[in-house]
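Chain residues, written in single-letter form:
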Amino acid sequence: MPAPHVELSRAAVPNEMGHVVLAFAERVLAPRDLAGLRERLWLGRTYLYVTPGPRLIERALEGFPPEVRALCARCPFHRYDARGGGGFWPDGNEIWLAAGVETYEGLRQVRLSACHELFHFVCWNHPRYRADEGRGFARLRSVVAESRALVDAFPRYRDWVTGSFLRQGDHANVVEYFADIPTNFRDAHQLPPPIAAHFAPLIDGSPFPSEFDTALADGGNDLAAFQRSLAPA
């Protein structure tokens, strides 16, 4: 699917006023009433607030290591006219995220969505993780398989894998897994140690494991095998 190429333009003052309205609505309205408001707004294709790309990068990556924030600061991050959706397009090395995420999904959700897409950008642009991607994520697949027998000792990770990630069907692949881990686990101690060590440089700035750059055989692209390796042993 080609990336959108028309960026939504918003005037600063009405955009910030819309933020006040949206934050108030999220705080005071019951879920059913908020859902009804969102449907009425969508009839007029209204976006109450659209976080500008550079500001959204800053907010989405708050608390992440300086190296990650510096890398992502140069990511072209665009908002376009749609209720939901978007993604990272490697051919342009850019992110396009729908302008409707704040209004129709939530102010918290837009940061999570942006964070997820930014870690696709990290995977594509960080030389050490990009090298592993070039080998079919051989090292990531290896640490996931190594962690299988440990999963039950990390209940938050186990519940996320079994109750959320693996329920996504074909979307539960190694590429999405890479972006999901730092987005959903801000504390590496919630992860099995081999997986934690792989992602800790991105999560809390820990040093890379000494064996990180050791060449492994190509990890292949067998989705079923990857999903089996995620499930608790």
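Keep in mind it's a predicted model, so treat the numbers as computed, not measured.

K.L.:
Help me understand the packing of helix 6 (residues 107–125) against helix 7 (residues 127–134) in this model?
P.N.:
Packed helix pairs are characterised by how far apart their axes lie and by the angle those axes make with each other. The interhelical angle for the contact between helix 6 and helix 7, taken along N-to-C directions, is 85°, at an axis separation of 5 Å. Overall, the two elements helix 6 and helix 7 adopt an arrangement that is roughly perpendicular. Here C123, W124 and N125 of helix 6 come into contact with helix 7, specifically with P127, Y129, R130 and E133. Of the residues contributing to the contact of helix 6 with helix 7, the split by class is four nonpolar, one polar and two charged.

K.L.:
Which parts of the structure should I look at to understand the side chain of R79?
P.N.:
Mapped onto the secondary structure, R79 falls in strand 1 (residues 77–80). Classification of R79 by relative accessible area gives buried; the value is 2%. A polar atom in the side chain of R79 sits 2.9 Å from the backbone oxygen of T51. In this structure the side chain of R79 is engaged in a polar contact, spanning 2.7 Å, whose partner is the backbone oxygen of A98. Not counting residues up to four positions away in its chain, the partners in contact with R79 are V6, E7, L8, V50, T51, L56, L97, A98, A99, V101, E102 and V110.

K.L.:
Sorry if this is basic, but what is going on with the pairing of strand 1 here?
P.N.:
Here is the key point about a regular strand: its side chains alternate between the two faces of the sheet. Burial of the side chains of strand 1 extends over both faces: F77 and R79 are buried on one face and H78 and Y80 on the other. Here four bridges tie strand 1 to strand 3 (residues 94–98), and the two strands are oriented parallel to one another. Paired with H78 across the two strands is W96, which belongs to strand 3.

K.L.:
How should I be thinking about the nonpolar core in this particular structure?
P.N.:
Among soluble globular proteins, nonpolar side chains are generally buried collectively. The biggest cluster of nonpolar side chains holds 58 residues, and the ones touching the most others in it are L61, L118, F119, L140, Y157, Y177 and F199. Other than its neighbours up to four places away in sequence, Y157 contacts V151, Y177, I181, F185, Q190, L191, P192, I195 and L230. L41, Y47, Y104 and L107 belong to the second-largest nonpolar core, a separate cluster that totals 10 residues.

So, how was this worked out
Residues numbered from 1 in each chain as written. Predicted model: local features only at pLDDT ≥ 70, side-chain atom pairs only at ≥ 80, totals over all residues. Heavy atoms only, no water. Axes fitted to C-alpha atoms, helices over the stretch in contact; angles between N-to-C directions. Helix = DSSP H or I, 4+ residues; strand = E, 2+ residues; numbered from the N terminus. Parallel < 35°, antiparallel > 145°, perpendicular 65-115°, else oblique. Contact = heavy atoms within 4.5 Å. Nonpolar A, V, L, I, M, F, W, Y, C, P; charged D, E, K, R; others polar. Buried < 20%, exposed > 50% of the residue type's maximum accessible area, 1.4 Å probe, protein only. Polar contact = N/O pair within 3.5 Å; in protein donor to acceptor, adjacent residues only side chain to side chain. Pairing = 2+ DSSP bridges. Core = buried A, V, L, I, M, F, W, Y, C linked by side-chain atoms within 4.5 Å.

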